[in-house]
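Take a look at the letters that make up each chain.
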Amino acid sequence: MADVNEIGFELSADGDQSLDITESCPSPPPPFHRKVPEPNIIVEPPTTFIDQEQNIPIKVIVPFDNIFFHDAKTYLFDTTSNNDTKRNVSTKTSHPSFFQRFLNLFNFSILSQDDLEFNRQCEQLLQLTKHPCNMTDRIHIRILFTIYRRLTHSKEIFYNTLGSHWEDIGFQSTNPETDFRSTGLFSIFFLLYFVDSMYLPLAKQIYVFSHDQIQEFPFCCVGINLANMLIKYLRQPNTSRTNLRKLSNENTAIDLVGKLFIALYLNFYLKWRDNGYTIANTQQVFSELEKILYNQPRILFQEFDDYFHKRQEHRAQQYELKHTNDNLI
């Protein structure tokens, strides 16, 4: 498998994708190392942080456990909304012009209460883009480890935040924090949505394929790029969001955008697999997906529904065949 660093992904600050890496990630601090546990001490295995010239023992370290999507959602919305409130208090509010007030009034007048609520939820999601992933925030770290364990089915207990295991799931370095610069917490939010749902089998299927010797691609970096497309799409005028809402029967913006995120990844996966694409075709596939998203999002939802409908039919046939064979025996 090729080194992910050679793939050439970059997530730029202005949200554009590029295939040339122009910024090198900072060197990570020295890793943690575990010592052999002392006898007759009922605590977590002690670890030692090598701080250049001296060893600093850290005796009680709680491992990073998994987190459910609902709990992560509550934490992220609470922390980002509180930070935004403090920011608004400390900054001056600009008064809109008469034309802007008239335009806002006109938009509100043609939208239903459900549409207004959907737009409010979209704005709440977009607030996540303003807040970076922070590897000193325990909940952010738990989200990342949940994504890792769901994809790899790993049972390993981690005591440190940095390591080559992040490169295994498609980050560019041993510190995944640097890959979220263009999308903030928005992309990590929907990566967790993908793997902590009934769509986990699809996520694992795509992840396994991402390690193909010829058609490999970095799973998480692709997901971040797809999330970046959604961010730009949701920043369009409210009428575009209203039209998007009509294409699916999801009740909330989280579920609709989450379904659209998975539909984008499914389309990427099918194009990549069926056409024999490699890393050299990455930007081409992203451009094709972006055109579909902006011009024909209905196709994404239709492909999503057809794919899972066929899988359900296949499972029903397998169950019926197994039941028939059991009766014959």
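Description of the structure in this document. (Residues numbered from 1 in each chain as written. Predicted model: local features only at pLDDT ≥ 70, side-chain atom pairs only at ≥ 80, totals over all residues. Heavy atoms only, no water.)

## What to know about the environment of Arg-241
What counts, and what does not: For helices the rule is a DSSP run of H or I covering at least 4 residues; for strands it is a run of E covering at least 2, with both sets numbered from the N terminus onward. Note on classification: 1.4 Å probe, protein chains only; a residue is buried when its accessible area is under 20% of the maximum for its type, exposed when over 50%, partly exposed between these limits. In this analysis, two residues are considered to be in contact whenever any of their non-hydrogen atoms come within 4.5 Å of each other. Residues adjacent in sequence count toward polar contacts only when both atoms are side-chain atoms; beyond that, a polar contact is any pair of N or O atoms within 3.5 Å, and within protein one must be able to donate a hydrogen and the other to accept it.
When you line up the elements, Arg-241 lands in helix H9 (residues 238-245). Given the relative accessible area of 4%, Arg-241 is considered buried. Through-space distance from the C-alpha of Arg-241 to that of Cys-122 is 8.4 Å; in sequence the pair is 119 residues apart. Contacts of Arg-241, omitting those with residues within four sequence positions, involve Phe-118, Asn-119, Cys-122, Glu-123, Leu-126, Leu-234, Arg-235 and Gln-236. Within polar-contact distance, the side chain of Arg-241 engages the backbone oxygen of Asn-119 at 3.5 Å. Among the polar contacts made by the side chain of Arg-241, one reaches the side chain of Glu-123 at a distance of 2.7 Å.

## Points about the nonpolar core
Quick note on the threshold: We define the nonpolar core as a collection of buried residues of types Ala, Val, Leu, Ile, Met, Phe, Trp, Tyr and Cys that are connected through side-chain atoms lying within 4.5 Å of one another.
With 82 residues, the main nonpolar core has Leu-125, Ile-147, Phe-186, Phe-194, Phe-261 and Tyr-265 as its most contacted residues. Top contributing element to this core by residue count: helix H10 (residues 253-274), with 15 residues. Residues in contact with Leu-125, not counting those within four places in the same chain, are Phe-77, Phe-186, Phe-189, Phe-190, Ala-253, Ile-254 and Val-257.

## Details of the packing of helix H6 (residues 185-195) against H10
Convention followed: Only the stretch in contact is used when a helix axis is fitted, and all axes are lines through C-alpha atoms; the angle between N-to-C directions ranges over 0 to 180 degrees. Orientation categories follow fixed angle ranges, with anything under 35 degrees roughly parallel, anything over 145 roughly antiparallel, 65 to 115 roughly perpendicular, and all other angles oblique. In this classification, Asp, Glu, Lys and Arg are treated as charged, Ala, Val, Leu, Ile, Met, Phe, Trp, Tyr, Cys and Pro as nonpolar, and every other residue, Gly included, as polar.
At a closest axis distance of 10 Å, the pairing of H6 and H10 adopts a crossing angle of 80 degrees. Taken together, the axes of H6 and H10 are roughly perpendicular relative to one another. Residues Phe-186, Phe-189, Phe-190, Leu-191, Tyr-193 and Phe-194 of H6 lie in contact with H10, whose contacting residues are Ile-254, Asp-255, Val-257, Gly-258, Lys-259, Phe-261, Ile-262 and Tyr-265. Here the contact of H6 with H10 is composed, by residue class, of 11 nonpolar, 1 polar and 2 charged.

## Some words on unusual backbone geometry
Even without being glycine, His-153 reaches a positive phi, approximately 60 degrees. With respect to the element layout, His-153 can be found in the loop between helix H4 (138-152) and helix H5 (165-168). Exposure remark for His-153: the relative accessible area of 53% places this residue in the exposed category.

## Let's talk about the packing of aromatic side chains
Formally: Think of it this way: a Phe, Tyr or Trp ring, Trp meaning its six-membered ring, pairs with another when their centres are within 6.5 Å, and the plane angle makes it stacked under 30 degrees, edge-to-face over 60, tilted otherwise.
Inspection of every chain in the model, using the stated rule, returns 32 aromatic pairs. The interplanar angle of 10 degrees and the centroid separation of 5.5 Å between the aromatic rings of Phe-64 and Phe-145 together place this pair among those described as stacked. Placement of Phe-64 in the loop between strand S5 (54-58) and helix H1 (69-90) and of Phe-145 in helix H4 is noted, with a sequence separation of 81 residues between them. On the basis of relative accessible area, Phe-64 is assigned to the buried category, the value being 9%. Ring centres of Tyr-148 and Phe-158 lie 5.6 Å apart, and the angle between their planes is 85 degrees; this geometry places the pair in the edge-to-face category. Of the two residues, Tyr-148 is situated in helix H4 and Phe-158 in the loop between H4 and H5; the sequence distance between them amounts to 10 residues. Exposure remark for Phe-158: the relative accessible area of 5% places this residue in the buried category.

## Looking at the pattern of salt bridges
Stated precisely, the cut-off is as follows: The term salt bridge refers to a pairing of a side-chain nitrogen on Lys or Arg with a carboxyl oxygen on Asp or Glu at a separation within 4 Å.
Evaluated as defined, the whole model comprises 10 salt bridges. Among the ionic pairs, Arg-142 bridges to Asp-65, the shortest N-O distance being 2.9 Å. One end of the pair, Arg-142, is in helix H4; the other, Asp-65, is in the loop between S5 and H1, with 77 residues separating them in the sequence. On the accessibility criterion, Arg-142 (17% relative accessible area) is buried.

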